[in-house]
Amino acid sequence: MIHPNEIRRWLVVVAWFGLLLLISQSTAYGQVLTAASQSLPGTALGSAAWGDYDGDGDPDLLITGLTGPADGCAPLSQIFRNSDFASINAPLIGISMGQAVWGDYDGDGDLDLALAGFTADNEGTVRIYKNENGAFVLDSDQDFVPLRYCALAWGDYDGDGDLDLLVSGMSVGGNPRTILYRNARIDRTRLGSPLGGRPVLREDVPNTGRLINLNQGNMAWGDVDNDGDLDLVLTGYGTGGPRQAQIYLNNPTGTLLQDGRNTDLTPVSNGDLAWGDYDNDGDLDLILSGWNKEWEATLNLYTNSAGILRENTTFSSTRTIGSVAWGDYDNDGDLDLAASGQNSASDRFAFILRNGPPGTFQADNTQNISGLRGGDLAWVDIDNDG
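A brief structural summary. (Residues numbered from 1 in each chain as written. Predicted model: local features only at pLDDT ≥ 70, side-chain atom pairs only at ≥ 80, totals over all residues. Heavy atoms only, no water.)

**A few points about the pairing of strand β23 (residues 321-327)**
Now for step 1: In terms of burial, β23 is largely enclosed, as seven of its seven residues are buried.
Now for step 2: The pairing of β23 with strand β24 (residues 336-342) spans seven bridges and is antiparallel. Residue pairing in the sheet places Val324 in a bridge with Ala339 of β24. (Buried < 20%, exposed > 50% of the residue type's maximum accessible area, 1.4 Å probe, protein only. Helix = DSSP H or I, 4+ residues; strand = E, 2+ residues; numbered from the N terminus. Pairing = 2+ DSSP bridges.)

As structure tokens, then:
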């Protein structure tokens, strides 16, 4: 580990008709987040994701969302290269009320991307863009159900070596849907070399049938039971409107079944969730935010003990509906938490909870971050200085 009194620079991105870049310079006595000089378009109701799409060793930025009045309130999807942070003008369809995520689904060693959400034509879409030497081309061979109010996540749930895609959202008919698309690029049942196939994503009908149908929620793959494969957590609105929160265990590998042990997650919608081992005990814990059934803002922390998630009732923080992200911003070896959004009274917040002593959280009141809602945030080491 690099010594803690050396200078660090980290970047957190948050959005609500403004995209705020914060540089962290840290010493042994603390960290100070200040606005960076880059100028980026402001968005709301979108997402932010870091990934090294051009393979030059530093993270580039992908943002989506609805622009502000000065930019025509149009849905946007843009990639900004980590040099001057100018847009590369990739031919991506603009989306809002959705998400975009990086992933090498074709196994050629560079990052492709999937996106889903509302287009300028007020239609839902789910698309994959293939990265061909830094240029992004729509993969028109894939056949996806169009959805809006979306969440999506890459993950190799069947353990065959390629990335599969999970998508949730609202269908054209107004119904919540959750659909798992299996990537058959590498298929153990295929004769001959398993590595020569092209990526073909098709609905995994049995698993899709077992998943709750949701929209206006979130999802994340993670190995909650430490058995070596990816399990799943889902939140959002279900059929008929009730909020849901459900974990699915991957057992045997490639088969997703409801986890009957973890039934105490607070049902939420419109928020965020993230896996992270905040107490450094070797298993994944969970942070969850959103509106609960009483329309109260919720920010709950769940501690994992032998695969069972129990709410950490000592966790104290402003309850928000918004975005959450784990990251060790003070380089002390444990995960801290950033959160942004609004509380039940619609007051806007953005704050950092420092993990220390390990497993306990305290607000870092030395930071002066503008309260934001309707957006996203993400940690990254933008200049690769550790």
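On we go from here.
**Some remarks on the pattern of salt bridges**
Now for step 1: Taken as a whole and judged by the stated rule, the model has seven salt bridges.
Now for step 2: The salt bridge partner of Arg182 is Asp160, with a shortest N-O separation of 3.7 Å. One end of the pair, Arg182, is in strand β13 (residues 176-183); the other, Asp160, is in the loop between β11 (148-155) and β12 (164-170), and 22 residues separate them in sequence.
Now for step 3: For Asp160, a relative accessible area of 9% corresponds to the buried category.
Now for step 4: Put simply, Arg354 and Asp330 hold a salt bridge, and the shortest N to O gap is 2.8 Å. Residue Arg354 is found in strand β25 (residues 348-355), and its partner Asp330 is found in the loop between β23 and β24; the two are separated by 24 residues along the sequence. (Salt bridge = Lys/Arg side-chain N within 4 Å of Asp/Glu carboxyl O.)

**Structural notes on the packing of aromatic side chains**
Now for step 1: Following the criterion strictly, the structure yields 14 aromatic pairs and no others.
Now for step 2: A ring pair is formed by Tyr53 and Phe136, whose centres lie 5.7 Å apart and whose planes are at 50°; its orientation type is tilted. On the criterion of sequence distance, the pair formed by Tyr53 in the loop between β4 (43-51) and β5 (60-67) and Phe136 in strand β10 (residues 135-138) is long-range, its members being 83 residues apart.
Now for step 3: When its relative accessible area of 6% is taken as the criterion, Tyr53 is described as buried.
Now for step 4: The interplanar angle of 85° and the centroid separation of 4.8 Å between the aromatic rings of Phe144 and Tyr181 together place this pair among those described as edge-to-face. Note that Phe144 is positioned in the loop between β10 and β11 and Tyr181 in strand β13, a separation of 37 residues in sequence.
Now for step 5: Judged by relative accessible area, Tyr181 falls into the buried class, the value being 3%.
Now for step 6: Put simply, the rings of Tyr278, Phe315, Trp326 and Phe361 touch in pairs and so form one group of aromatic residues.
Now for step 7: The aromatic ring of Trp295 is capped on one face by Arg243, whose charged end is 4.1 Å from the ring centroid. (Phe/Tyr/Trp six-rings, centres within 6.5 Å; stacked < 30°, edge-to-face > 60°. Lys NZ or Arg CZ within 6 Å of the ring centre and 35° of its normal.)

**Concerning the sheet that holds strand β9 (residues 124-132)**
Two pairing modes exist for strands in a sheet, parallel and antiparallel, and in both the strands are linked by backbone hydrogen bonds.
Now for step 1: Overall, antiparallel pairing links the four strands, which are arranged β7-β8-β9-β10 in an open sheet. Of all strands in the sheet, those with a lone pairing partner are β7 (96-103) and β10, marking the two edges. Strand-to-strand twist in this sheet, taken as the mean axis angle between neighbours without regard to direction, amounts to 25°.
Now for step 2: Two strands pair when backbone bridges link them, and β9 and β10 are joined in this way by four bridges, in the antiparallel orientation. Residue pairing in the sheet places Lys130 in a bridge with Val137 of β10. (Axes fitted to C-alpha atoms, helices over the stretch in contact; angles between N-to-C directions.)

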